[in-house]
Amino acid sequence: MYPSDLKYTREHEWARIEGDIATVGITNYAQEELGDIVYVDLPKEDVDIHQMNEFGVVESVKTVSQLYAPLSGKIIETNKKLSENAALINNSPYEDGWIAKIRIKDKSEIDELMTADEYRHQLEGM
Amino acid sequence: MNKTPLNELHKQLNAKMVDFYGWELPVRFTTIIDEYFAVRKKAGIFDVFHMGIFFIRGEKSEKFLDYITANDVGKLNQNQVQYSMILNNSGKILDDILITKYRDGFYMVVNGINVSKIEKWLNEKKIELKINDVYIENFLGWKGIIAIQGRFSADILQKHVSINLNHLRRFYVMDSQFDEKKVVISRTGYTGEDGFEIIAEREDAVKIWEALLKEGVKPCGLGARDILRLEAAFPLYGNELSEDVSPLWTNVSWVVKLNKKSFIGREALLNEQNEGIKKKLIGLKGMEKVIARKGHKIKEGGIITSGTLSPFLGEPIALAFIDKGLTKLKKLTVIIRDEEHSFDVVELPFYKKTDNFGALESKVKILR
């Protein structure tokens, strides 16, 4: 449910860090809470984002949820498949349902993120 | 928080529960879209024990209700159900209700959020009008409603009830037994499909719910209910209807019978009609995937009251109040998170009964 190779935010985003690129999405917990996801307001490419600032929106049938950037950097790619089929996030939150790729600006920010164990611990406390 | 008699059962089924105006109710059991399609294609059941039920009896009860409500109570046949509204003196909506002429009085079903407000209003008016021979009974905590909705709801319900459902017309009720439990069955609903509302004793609710679950009927939450009613363009109190809204602005203005001699709100509505009705409730359909939601503003002048993704159309839909001067426009601009999005003005309802179940269905099937 919460892969150990990923880093997590308090706001239920994940980041897969490979070199200076981070692929980001929302966690299994987040997609379950939201229910049927029907629309993703994807961030624009080439835009600079800042850690824990809003960079997009995920809408389910029932609610709207903000996306918070796990790390600062530049958006280098977004998952265009989500424009056609936002439910990919429900079906595959960590693989096909990824949302954006970020070129990381400051690697020291990674320390601010949670490990899978820490994230699971947060969920248990909720 | 208030709990329905089915609360524990919902939790056992792992339903996601929410606080709905002080009631702990299921928003979904599985996914909202699955529950939606269950109702459109077969049948689903809904726990609506949070709805209020009053029974009003006494020699003057018909006269009293005719004065309290906007529709014509005198037109009701025995066991017939009527959609109506309770208005305040300014002609604004205190609640939208169902009235049923039943035995020696009238059933009145009111919105859960309005139960205490309406009870107070009824008792105040009784005193003001100096009517003694009217007795108002609140069934809250004693009786409630389980709804079964969907094109096959009659076939499924028939297996458990003593009456022949073929003899129960739309907007009528009949006394019946449900597996030996005494109930009243009303052929009404809030989904745009055929369906029934079962008025049952609180202590019988679990048995009835479990019997229907065993028939393979899908339990449905508030989420599916909201999409179903929105596609059918049924207004919701708290969204389309409120004490700031005149019934003449809405798509259910037909409930107001201004030719009735007197009822609360009549004069205000006559004045409004003479001066010109200022707003209108319209339907919108999105040209993109983004959803216009309650509170979003319309640039040309207006506000969204409800919005969702319509599984039937595969597109966003919304209800909105617009200024009357804009009713000729074919497109409107909704401001969503500071960006402008174009919506088409479309006729209501968004959904009419069909065998073509919906644009999203094929997609959902491929995915699951």
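Since the structure is predicted, the reported quantities are computational estimates derived from the model, not experimental observations.

Criteria and cut-off values
Residues numbered from 1 in each chain as written. Chains lettered and ligands numbered in written order. Predicted model: local features only at pLDDT ≥ 70, side-chain atom pairs only at ≥ 80, totals over all residues. Heavy atoms only, no water. Helix = DSSP H or I, 4+ residues; strand = E, 2+ residues; numbered from the N terminus. Buried < 20%, exposed > 50% of the residue type's maximum accessible area, 1.4 Å probe, protein only. Pairing = 2+ DSSP bridges. Axes fitted to C-alpha atoms, helices over the stretch in contact; angles between N-to-C directions. Phe/Tyr/Trp six-rings, centres within 6.5 Å; stacked < 30°, edge-to-face > 60°. Lys NZ or Arg CZ within 6 Å of the ring centre and 35° of its normal.

*Asks:* Would you mind going over unusual backbone geometry in detail, with residue names and values included?
*Replies:* All names here are of chain B. Here the residue pair Leu-348 and Pro-349 is connected by a cis peptide bond, since its omega of -5° sits within 30 degrees of zero. Residue placement: Pro-349 occurs in the loop between strand S20 (339–346) and helix H9 (359–367). With a phi close to 65°, Asn-14 is a non-glycine residue in the positive phi region. Mapped onto the secondary structure, Asn-14 falls in the loop between helix H1 (7–12) and strand S2 (16–20). Phi is positive for Asn-79, close to 70°, though the residue is something other than glycine. Here Asn-79 shows up in the loop between helix H3 (61–68) and strand S6 (81–87).

*Asks:* Give a detailed account of helix H7 (residues 222–231) of chain B, specifying residues and quantitative values.
*Replies:* Residues and elements named next belong to chain B. A large share of H7 lies buried, amounting to 10 of its 10 residues. For H7, the complete set of buried residues consists of Leu-222, Gly-223, Ala-224, Arg-225, Asp-226, Ile-227, Leu-228, Arg-229, Leu-230 and Glu-231. Just past H7, the residue Ala-233 takes up positive phi, approximately 60°.

*Asks:* Could you give an account of the sheet that holds S6 of chain B, with specific residues and numbers?
*Replies:* Residue and element names in this part refer to chain B. The 5 strands lie next to each other as S6-S7-S8-S5-S9, forming an open sheet whose pairing is antiparallel. Both outer strands of the open sheet, S6 and strand S9 (135–138), are each paired with one neighbouring strand and no more. The average angle at which neighbouring strand axes cross in this sheet is 30°, direction not considered. As judged from the 5 bridges shared by strand S7 (residues 93–102) and strand S8 (residues 105–110), these two strands associate in the antiparallel manner. Paired with Thr-100 across the bridge in S8 is Tyr-107.

*Asks:* Describe the packing of aromatic side chains, with residues and values.
*Replies:* Overall, the coordinates contain 17 aromatic pairs over all chains when judged by the stated rule. Aromatic side chains Phe-312 of chain B and Tyr-351 of chain B sit 4.9 Å apart centroid to centroid with 85° between the ring planes, which places their arrangement in the edge-to-face category. Of the two residues, Phe-312 of chain B is situated in the loop between strand S17 (302–310) and strand S18 (315–323) and Tyr-351 of chain B in the loop between S20 and H9; the sequence distance between them amounts to 39 residues. Site record: aromatic cluster; members linked through ring pairs are Phe-55, Tyr-102, Tyr-107, Phe-139 and Trp-142 of chain B. Sitting over the ring of Trp-98 of chain A, Lys-101 of chain A keeps its end group 4.9 Å from the ring centre.

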